[in-house]
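Residue-level structure breakdown
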Amino acid sequence: MIPLDSAALGRRAEAMLEELAAISADPDRLVRLFLTPEHRRAGDLVAQWMREAGLEVSEDALGTLRGRMGQGPRLLLGSHIETVIDAGKYDGPLGVVAAILAVDTLLRAGAKPPAIELLAFGDEEGSRFPSTLSTSAAVAGAFDRKQLELKDAAGVSYAEALGAYGKNPDEIARAEIPRGEAAAYVEVHIEQGPVLESKSQPLGVVTAIVGQTRLVLNLTGEAGHAGTVPMNLRRDALAGAAEIALVAEKIAREGAGLVATVGMLEPYPGAMNIIPGRVRMSLDLRAAADEARRAAIRQFEEQARAIAKRRHLEIEIELIHELATTSCDAGLQDRLAAAIEATGRKPVRLASGAAHDGVMMAKLCPVAMLFVRCKGGVSHNPAEYASLEDMGLAIAALVRFIEKFEARP
Ligand code: HGY
Ligand code: MN
Ligand code: MN
């Protein structure tokens, strides 16, 4: 095993994350959306880091950076470099930076790592288009071409954005890694939850990535004058949406292991003196058990339709995407746990409530995730924080994992 200075690795990671975090569409908050000029600048910086670490760099038709070393069956490492709106600087980029620093550290020490491909994905969050995990889906050979018609908030389609990014949708199929060449996919990511902190442990091994369902609801009532329409004559779409949002919360609170979030709610026309005639709202519902999630969605839809009927609102419910719960490979979990122990820490096994590119990569090969403690479990929030020490330990554990890894198909 090569000598490691995890504190130095933590400092290098923090400096790289700071540099990436400065690449944002907005000076006051971190926003770096898929196929935007900021994605381009971040991709160029990551490509430079990959080259400096000794990797051969290419970019696929969806803008995913690919850093290769060695031939044949290989270990896949990576995460995403696009962010949510008003993001923290660790969610996604930490996984890419950790993998780059692990490879750099091994090569500088003269080690002979197995064949590796490092991937920096661009559409994990689904913050621009109502898709998610589309770039890792392409690597896994599961890209759904219908996504090319999806439009962003400005009405730009996924295909148009790809063209503006200099990409050709006809080449998406070439992003796929042949099945026999993907030995495993391992991702380092902040936990985005409170478990590791509650156990006073810096690192965890993910057992499964919970499944999720995302819906968009369109409610239509009747716009009207806020001052003249009596309450009993209103068809207020926002009041209906509010009642539906509380039903989602009630179903999740009363269910076992369910979480439900209405994160997007857009009243139209959104003026103070107009009764909202239309509302577009989202539902994100997750559970470790797929059947529990599906039952909760059925219950939610039934109650949402009943509320709309009682309020004389029209309602459309659209399934945006659904991900089944994904198990992490048991053998890889054990090897990650051993790598964490090699850093002198006790590995914690835990499920991931957040989705990750590993869900798509599991269609290609066995997957595993190494979680890093984050302060207060806060994420999707600029207050997101992982300590330099914990990040250094994560990179050290990844190095120990790679040292013992044999890339078999
Ligand atoms: O929403 C999620 O689960 C992930 O952070 N994109
Ligand atoms: Mn993430
Ligand atoms: Mn995220």
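Remember, it's a predicted structure, so these values are computed and weren't measured experimentally.

Rules behind the numbers
Residues numbered from 1 in each chain as written. Chains lettered and ligands numbered in written order. Predicted model: local features only at pLDDT ≥ 70, side-chain atom pairs only at ≥ 80, totals over all residues. Heavy atoms only, no water. Core = buried A, V, L, I, M, F, W, Y, C linked by side-chain atoms within 4.5 Å. Buried < 20%, exposed > 50% of the residue type's maximum accessible area, 1.4 Å probe, protein only. Helix = DSSP H or I, 4+ residues; strand = E, 2+ residues; numbered from the N terminus. Contact = heavy atoms within 4.5 Å. Donors = N, O, S within 2.8 Å, 3.2 Å for Na, K, Ca; no water. Phe/Tyr/Trp six-rings, centres within 6.5 Å; stacked < 30°, edge-to-face > 60°. Lys NZ or Arg CZ within 6 Å of the ring centre and 35° of its normal. Axes fitted to C-alpha atoms, helices over the stretch in contact; angles between N-to-C directions. Parallel < 35°, antiparallel > 145°, perpendicular 65-115°, else oblique. Left-handed = near helix turned anticlockwise from the far one by under 90°. Nonpolar A, V, L, I, M, F, W, Y, C, P; charged D, E, K, R; others polar. Domains from an automatic or database assignment. Buried area = accessible area lost by both parts, 1.4 Å probe. Salt bridge = Lys/Arg side-chain N within 4 Å of Asp/Glu carboxyl O.

Time to look at the nonpolar core. V46, L75, I100, F401 and I402 are the most contacted members of the largest nonpolar core, which has 62 residues in total. Element by element, the count of residues in this core is highest for helix α3 (residues 93-108), at 10 residues. Discounting chain neighbours no more than four positions away, the residues touching F401 are L75, V186, L332, R335, L336 and A339. If you look at the next biggest cluster of nonpolar residues, it comprises 26 residues, including L283, F300, A304 and A308.

With that settled, consider the coordination of the manganese ion (ligand 3). Distances from the manganese ion (ligand 3) to its protein donors, D91 (OD), E125 (OE), E125 (OE) and H380 (NE2), fall within 2.1 to 2.7 Å. Read in sequence order, the donor residues coordinating the manganese ion (ligand 3) give the pattern D-x33-E-x254-H. The distance between the manganese ion (ligand 3) and the manganese ion (ligand 2) comes to 3.5 Å, and D91 binds to both of them. One end of the pair, D91, is in the loop between β3 (74-80) and α3; the other, E125, is in the loop between β4 (116-121) and α4 (134-139), with 34 residues separating them in the sequence. Residue class for E125 comes out buried when judged on its relative accessible area of 10%.

Attention now goes to the coordination of the manganese ion (ligand 2). Summarising the metal site, the manganese ion (ligand 2) is bound by the protein donors H80 (NE2), D91 (OD) and H189 (NE2), whose distances to it range over 2.1 to 2.2 Å. Positions of the donor residues of the manganese ion (ligand 2), expressed as sequence spacing, correspond to H-x10-D-x97-H.

Looking now at the packing of aromatic side chains. Under the defined criterion, the tally for this structure stands at 7 aromatic pairs. Their ring planes at 35° and their centres at 5.1 Å tell us that F129 and Y158 sit as a pair that is tilted. Here Y158 lies in helix α5 (residues 158-164) and F129 lies in the loop between β4 and α4, a separation of 29 residues in the sequence. With relative accessibility at 0%, the residue Y158 sits in the buried group. Grouping aromatic residues by their ring pairs yields a cluster made of F34, F129, F143 and Y158. Geometry around Y268 places R278 over its ring, the cationic atom sitting 4.1 Å from the centre.

Time to look at the packing of helix α2 (residues 37-52) against α3. It is at 9 Å that the axes of α2 and α3 come closest, and there the two elements cross at 20°. Here α2 lies roughly parallel to α3, going by the angle between them. Between α2 and α3 the crossing geometry is left-handed. In this structure, α2 contributes V46, W49, M50 and E52 to the contact, and α3 contributes V96, V97, I100 and D104. A per-class count over the contact of α2 with α3 returns 6 nonpolar, no polar and 2 charged.

Moving on to the domain arrangement of the protein. Domains assigned within the protein are domain 1 (6-209 + 326-404) and domain 2 (211-323). Using only C-alpha atoms to locate each centre, domain 1 and domain 2 end up separated by 33 Å. Of the residues lining the interface, 10 residues belong to domain 1; the matching set on domain 2 comes to 7 residues. Carbon and sulfur atoms supply 57% of the area buried between domain 1 and domain 2, which totals about 550 Å² over both sides. Of all residues in domain 1, P130, T132 and A355 bury the most surface against domain 2, accounting for 53% of the area lost on that side. Counting across the interface, domain 1 meets domain 2 through 0 salt bridges. A breakdown of the residues in the side of domain 1 that touches domain 2 according to their chemical character gives 7 nonpolar, 2 polar and 1 charged.

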